[in-house]
Amino acid sequence: MPQKGKERTSPLFTTPLVFTYAATLRIILFFYGLYQDAISPLKYTDIDYFVFTDASSFLAHGHSPYDRATYRYTPLLAWLLLPTASSTSHVLIFSFGKALFAAADILAGALILRVLRKQHPAMSESRALKYASIWLLNPMVATISTRGSSEGLLGVLVIALLWAVLERRVVLAGALLGLSVHFKIYPFIYGGSVLWFLATDQPQSPAAAGWRLWNPLRGLINRDTVLVTSTALAIFTLLNATMYALYGGDFLQHTFFHHLTRVDHRHNFSPYNTLLYLSSSASARGLVSGGGAGGSFESLAFIPQLVLSAIVLPLVLARKDLAGCMLAQTFAFVAWNKVCTSQYFLWYIIFLPLYLPYSSFTRRPKLGLSAALLWVVAQALWLHQGFRLEFLGLSSFVPGLFVASLLFFAVNVWILGVVVTDVGAYAGEDGGVVA
């Protein structure tokens, strides 16, 4: 959006102070977490952190990280947390990973700020910091990282990928894309957006008039797209070949193939939640084999999700605003995913500061407040039903949990519609949003 006059910079909202606030928030939560873990049966530390650190302990003793049941990640994560295996009894050493993830949050915030200043050169420091603070000072983001979730590491990789593409550092962008997809599968959806964004405009031929996709399609093969693709494939292949050589089929099964047939239904906001529960129950009774109907359901549920997030949205939005397109892709991927937990929300929250400067949610505060309220209320309704099921042992699948999941999905679809409309109408820094 065009800037109306020069904005005053608040003395309490400068870059050094905002990053100090962000670090202080995470330090407070870090030590509060140690305190809660010491005195309360309800632990602050995420169960996944114990999975990560157990895998690192296996590595430290010469074993495979996959000897730890439910470790479904790249061995790189277990390698990064090897310091935690040196003294599991020393609480600060054991918590090394939490500090690493929190530091990654802050680094991601610094990259968000750089992308904002790149996309909006006329934006004041104070205004850019306010948008970046949606990530840096977000209690949800800080809490998830200090509880021991590794999503902050992925956030750094993804936002660094965006920055590298915008700066036309294509070899670095390819390396980051390959590493990101190895680290966690879903960033592969950004590959098409990156290529479409880097496609070279070609002179419009009379025969192609009216077909706007044809023009960039003719320029899809150029130096930048070839370098990005070849580098990403090289890094991804090298990492996977190395891990396969070290850990064999366990690496492929637990890091990649598992996600095709997983039936996690606990803490799952997805509209597939109840179907996954029924499928897993049937499997447990021996009524559904790996090749039966249940197995097919888990393997095919990703098709509508990928068609929308990896194909349709990149084609429509990538050449309008890459950051906005990546937000829409990620939002769609999470909303349509068969497993959707609160940690996954960080995957798209990291793009919000880059979209909000031209968003309808900020230009029309009532719309923004309504969207935020509906999103929170729909979650709260689901969490109430989930609490009744998982803590009180009451059967709340139908209609409670099922209806709450559909309601949350409907709210997400509506929000996605607004995002897609905004990004599709975006005309850049000078043009603002086209009506």
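- Looking at an unreviewed UniProt entry, one finds the chain named GPI mannosyltransferase 1 and attributed to Polytolypa hystricis.
- Per UniProt, the chain carries the Subcellular location (unreviewed entry) text "Endoplasmic reticulum membrane".
- For the chain, the Pathway (unreviewed entry) comment in UniProt is given as "Glycolipid biosynthesis; glycosylphosphatidylinositol-anchor biosynthesis."

## Section: the UniProt feature "transmembrane region" (unreviewed entry) in the chain
(1) Moving on: When the UniProt feature table is mapped onto this chain, "transmembrane region" (unreviewed entry) is found at residues 12-35, 91-116, 152-179, 226-247, 299-318, 330-355, 367-384 and 391-415.
(2) Moving on: Between the C-alpha atoms that bound residues 226-247 there is a distance of 31 Å. The span itself is 100% helix and 0% strand.

## Here we look at the pattern of salt bridges
(1) Moving on: Under the definition given, this model contains six salt bridges.
(2) Moving on: Salt-bridge contacts for Asp 37 lead to Lys 98; the nearest nitrogen and oxygen are separated by 3.9 Å. With Asp 37 in helix H1 (residues 15-39) and Lys 98 in helix H5 (residues 96-119), this pair connects stretches of sequence that are 61 residues apart.
(3) Moving on: A salt bridge links Glu 151 to Lys 184; the shortest N-O distance between them is 3.1 Å. With Glu 151 in helix H8 (residues 151-166) and Lys 184 in the loop between helix H9 (170-183) and helix H10 (190-198), this residue pair connects regions lying 33 residues apart in the sequence.
(4) Moving on: We classify Glu 151 as buried; its relative accessible area is 5%.

## Brief notes about the packing of aromatic side chains
(1) Moving on: Tallying each qualifying case throughout the model produces 27 aromatic pairs.
(2) Moving on: Aromatic side chains Tyr 49 and Phe 101 sit 6.5 Å apart centroid to centroid with 90° between the ring planes, which places their arrangement in the edge-to-face category. Of this pair, Tyr 49 sits in helix H2 (residues 47-60) while Phe 101 sits in helix H5; the two residues are 52 residues apart in sequence, bridging distant segments of the chain.
(3) Moving on: The class for Tyr 49 is buried, based on a relative accessible area of 0%.
(4) Moving on: For Phe 101, a relative accessible area of 0% corresponds to the buried category.
(5) Moving on: On the basis of an interplanar angle of 75° and a centroid distance of 6.0 Å, the ring pair of Tyr 190 and Phe 351 is categorised as edge-to-face. Remark: Phe 351 occurs in the loop between helix H18 (345-349) and helix H19 (352-355) and Tyr 190 occurs in helix H10; sequence separation between them is 161 residues.
(6) Moving on: Classification of Tyr 190 as buried rests on a relative accessible area of 0%.
(7) Moving on: Connected via pairs of aromatic rings, a cluster forms that spans Tyr 49, Phe 50, Phe 52, Tyr 66, Tyr 71, Tyr 73, Phe 94, Phe 101 and Tyr 247.
(8) Moving on: Positioned over the ring face of Tyr 49 is Lys 98, at 5.6 Å from the centre of the ring.

## Topic: a nonpolar patch on the surface
(1) Moving on: Nonpolar side chains collect at one region of the surface, where Leu 300, Phe 302, Ile 303, Val 307, Ile 311, Val 312, Leu 315 and Val 316 lie side by side and expose about 630 Å² of accessible area between them.
(2) Moving on: For the nonpolar patch, the element with the highest residue contribution is helix H16 (residues 302-317), accounting for seven residues.
(3) Moving on: For Ile 303, the location among the structural elements is in helix H16.

## Side note on unusual backbone geometry
(1) Moving on: Positive phi values are uncommon outside glycine, yet Thr 70 reaches one of about 70°.
(2) Moving on: By the element assignment, Thr 70 lies in the loop between H2 and helix H3 (75-80).
(3) Moving on: Thr 70 sits in the partly exposed class, given a relative accessible area of 43%.
(4) Moving on: Here Arg 168, not a glycine, exhibits a phi torsion of approximately 60°, which is positive.
(5) Moving on: Looking at the secondary structure, you find Arg 168 in the loop between H8 and H9.

## Topic: the nonpolar core
(1) Moving on: Grouped together as the largest cluster of nonpolar side chains are 110 residues, with contacts concentrated most on Tyr 71, Ile 159, Leu 162, Phe 351, Leu 354 and Tyr 355.
(2) Moving on: Looking at which element gives the most residues to this core, the answer is H8, with 13 residues.

## Here's the deal with helix H7 (residues 139-146)
Spacing of three or four residues puts side chains on the same side of an α-helix, whose turn is 3.6 residues.
(1) Moving on: Along H7, the residues classified as buried are Val 141, Ala 142, Ile 144, Ser 145 and Thr 146.
(2) Moving on: Buried residues belonging to H7 abut H1, H5, helix H6 (125-136), H8 and H18.
(3) Moving on: For H7, the side-chain oxygen to backbone nitrogen distance between the N-cap and Met 140 is 2.9 Å, and the N-cap itself is Asn 138.
(4) Moving on: Gly 148 lies just past H7 and shows a positive phi near 110°.

What counts and how
Residues numbered from 1 in each chain as written. Predicted model: local features only at pLDDT ≥ 70, side-chain atom pairs only at ≥ 80, totals over all residues. Heavy atoms only, no water. UniProt positions renumbered as here; feature names shortened; annotations may be inferred. Helix = DSSP H or I, 4+ residues; strand = E, 2+ residues; numbered from the N terminus. Salt bridge = Lys/Arg side-chain N within 4 Å of Asp/Glu carboxyl O. Buried < 20%, exposed > 50% of the residue type's maximum accessible area, 1.4 Å probe, protein only. Phe/Tyr/Trp six-rings, centres within 6.5 Å; stacked < 30°, edge-to-face > 60°. Lys NZ or Arg CZ within 6 Å of the ring centre and 35° of its normal. Patch = residues over 30% accessible without salt bridge, like charges linked within 9 Å, V, L, I, M, F, W, Y side chains within 5 Å. Areas by Shrake-Rupley, 256 points an atom, 1.4 Å probe, with all protein chains shown as cover. Core = buried A, V, L, I, M, F, W, Y, C linked by side-chain atoms within 4.5 Å. Contact = heavy atoms within 4.5 Å. Polar contact = N/O pair within 3.5 Å; in protein donor to acceptor, adjacent residues only side chain to side chain.

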